[in-house]
Amino acid sequence: MASSSTFSLCGYLLLVLVATASSSLTPSYYDGVCPNALPTIKRVVEAAVYRERRMGASLLRLHFHDCFVNGCDASILLDPSPTIDSEKNALPNANSSEVDKACGGAVVSCADILAVVARDSVVALGGPTWAVQLGRRDSTTASRTAAETDLPSPFADLPELINGFKKQGLDEKDLVVLSGAHTLGFSKCGAFKNRIYNETNVDPNFAQKRRSTCPPNGGDGNLAPLDPTPARFDLAYFTNLKNKKGLLHSDQQLFNGGSTDNLVNTYSSNAPAFWNDFANSMVKMGNIKPLTGNQGQVRLNCKMVN
């Protein structure tokens, strides 16, 4: 692994060159500045996922949550301060600060680290790879209010989901394919309790199984897998939806007689299509309102502004 002195040198060179940096994103942004940066991030991610496979889902979700709140600017990583109402305190981002351990030093911008870490986590869990567009800068502020309003709710119906993605410049295809990230990870009982006790478009045996660890009263923090293989990037999420076994209300809305049913059908049986479209949609999402050129800063510590 690269030494701390290598990190320091790379960070210094990046700060020197950033004033003249291009305002467009490109996969080769750091090639001439610190070519060891991305391989080092990859090794850190692989080690973290090897130790705890749930880490991969958490790291992927952080990039998603970051981009949906004022763009892909690493505002999600900022700690609260008198002038920052941290997105970390928003309900969807609680307990997601594991990425801090993978964001040491200013080798690349924190926003770019999130984007690379998301890709490397997917690959580590058996999913596709893609060329990550790089050159984002970091924000100097965060918005808990925006986090609470712009992140998709697990209780949302299909029209609300479609509109929420449209607000970010994403279409119905992006909605379905990016929701496929729920092939990884877990959800808390409080997010799906109403579904397993009160909804009718749910497989009764599936609901009964989930009720065993999610009681009608209390237990809101108990975890359940989002699909049967929560540590493997596969098609099980979409197969679940077709069988009325979507864990979250918002998941099952994607296959409930609406405009997105055909996409779920396609992805449930066509891995190459899902792999390809997921990669394309991740690149598209990563282009949501990035700070570039002289905008923002490159944080020396991802948790606080310089």
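Scope of this entry: the structure provided in the associated data block. (Residues numbered from 1 in each chain as written. Predicted model: local features only at pLDDT ≥ 70, side-chain atom pairs only at ≥ 80, totals over all residues. Heavy atoms only, no water.)

## Quick notes on the state of the cysteines
Working step 1: Applying the stated criterion across every chain yields a total of three disulfides.
Working step 2: Between the sulfur atoms of Cys67 and its disulfide mate Cys72 the distance is 2.0 Å. Between Cys67 and Cys72 the sulfur-sulfur dihedral comes to about 120°; the bridge is accordingly right-handed. Across the pair, exposure class does not vary: Cys67 and Cys72 are buried alike.
Working step 3: At a sulfur-sulfur separation of 1.9 Å, the disulfide partner of Cys189 is Cys214. Taking the sign of the torsion about the S-S bond as the criterion, the disulfide between Cys189 and Cys214, at about 75°, is right-handed. Of the two residues, Cys189 sits in helix H8 (residues 189-198) while Cys214 sits in the loop between helix H9 (204-211) and strand E2 (223-225), which places them 25 residues apart along the sequence. (Disulfide = S-S within 2.5 Å. Buried < 20%, exposed > 50% of the residue type's maximum accessible area, 1.4 Å probe, protein only. Helix = DSSP H or I, 4+ residues; strand = E, 2+ residues; numbered from the N terminus.)

## Comments concerning empty space enclosed by the protein
Working step 1: Under the counting rule described, the total for this entry stands at one cavity of 30 Å³ or more.
Working step 2: Approximately 70 Å³ is the volume found for the largest cavity.
Working step 3: Forming the boundary of the largest cavity are His63, Ala115, Trp130, Ala131, Val132, Gln133, Arg136, Met282, Val283 and Gly286.
Working step 4: Examining the composition of the lining of the largest cavity, we find that three residues originate from one element, helix H13 (residues 271-286), more than from any other. (1 Å grid on protein atoms, 1.4 Å probe; cavity = no way out; pocket = protein on both sides within 12 Å on 5 of 7 lines; lining within 4 Å. Points joined across faces, edges and corners; volume = space filled by probe spheres on them.)

## Thoughts on helix H3 (residues 54-68)
Working step 1: The end-to-end C-alpha distance of H3 is 22 Å, a good match for the 21 Å that 15 residues give at a rise of 1.5 Å each.
Working step 2: In terms of burial, H3 is largely enclosed, as 14 of its 15 residues are buried.
Working step 3: Looking one or two places after H3, you find Asn70, whose phi comes out positive at around 65°. (Expected span 1.5 Å × (residues − 1).)

## Points about the packing of aromatic side chains
Working step 1: According to the stated counting rule, one finds 14 aromatic pairs in the structure shown.
Working step 2: Summarising the aromatic geometry, the rings of Phe233 and Phe274 are spaced 5.2 Å apart at their centres and angled 5° between planes, so their arrangement reads as stacked. On the criterion of sequence distance, the pair formed by Phe233 in the loop between E2 and helix H10 (236-242) and Phe274 in helix H13 is long-range, its members being 41 residues apart. Each member of the pair, Phe233 together with Phe274, is buried.
Working step 3: Looking at Arg54, its charged tip hangs above the ring of Phe186, at a distance of 5.4 Å from the centre. (Phe/Tyr/Trp six-rings, centres within 6.5 Å; stacked < 30°, edge-to-face > 60°. Lys NZ or Arg CZ within 6 Å of the ring centre and 35° of its normal.)

## Topic: the packing of helix H12 (residues 261-269) against H13
Working step 1: Where H12 contacts H13, the axes come no closer than 5 Å and their chain directions differ by 115°. Classified by the angle their axes make, H12 and H13 are roughly perpendicular. Contacts between H12 and H13 pair Thr266, Tyr267 and Ser269 from the former with Ala271, Ala273, Phe274 and Asp277 from the latter.
Working step 2: The residue inventory of the contact of H12 with H13, partitioned by class, reads four nonpolar, two polar and one charged. (Axes fitted to C-alpha atoms, helices over the stretch in contact; angles between N-to-C directions. Parallel < 35°, antiparallel > 145°, perpendicular 65-115°, else oblique. Contact = heavy atoms within 4.5 Å. Nonpolar A, V, L, I, M, F, W, Y, C, P; charged D, E, K, R; others polar.)

## Observations regarding the side chain of Ser187
Working step 1: Position of Ser187 among the secondary structure elements: in strand E1 (residues 186-188).
Working step 2: Judged by relative accessible area, which is 9%, Ser187 ranks as buried.
Working step 3: Dropping the residues within four chain positions of it, Ser187 is found in contact with Phe192, Asn222, Leu223, Ala224, Leu226, Leu247 and Leu248.

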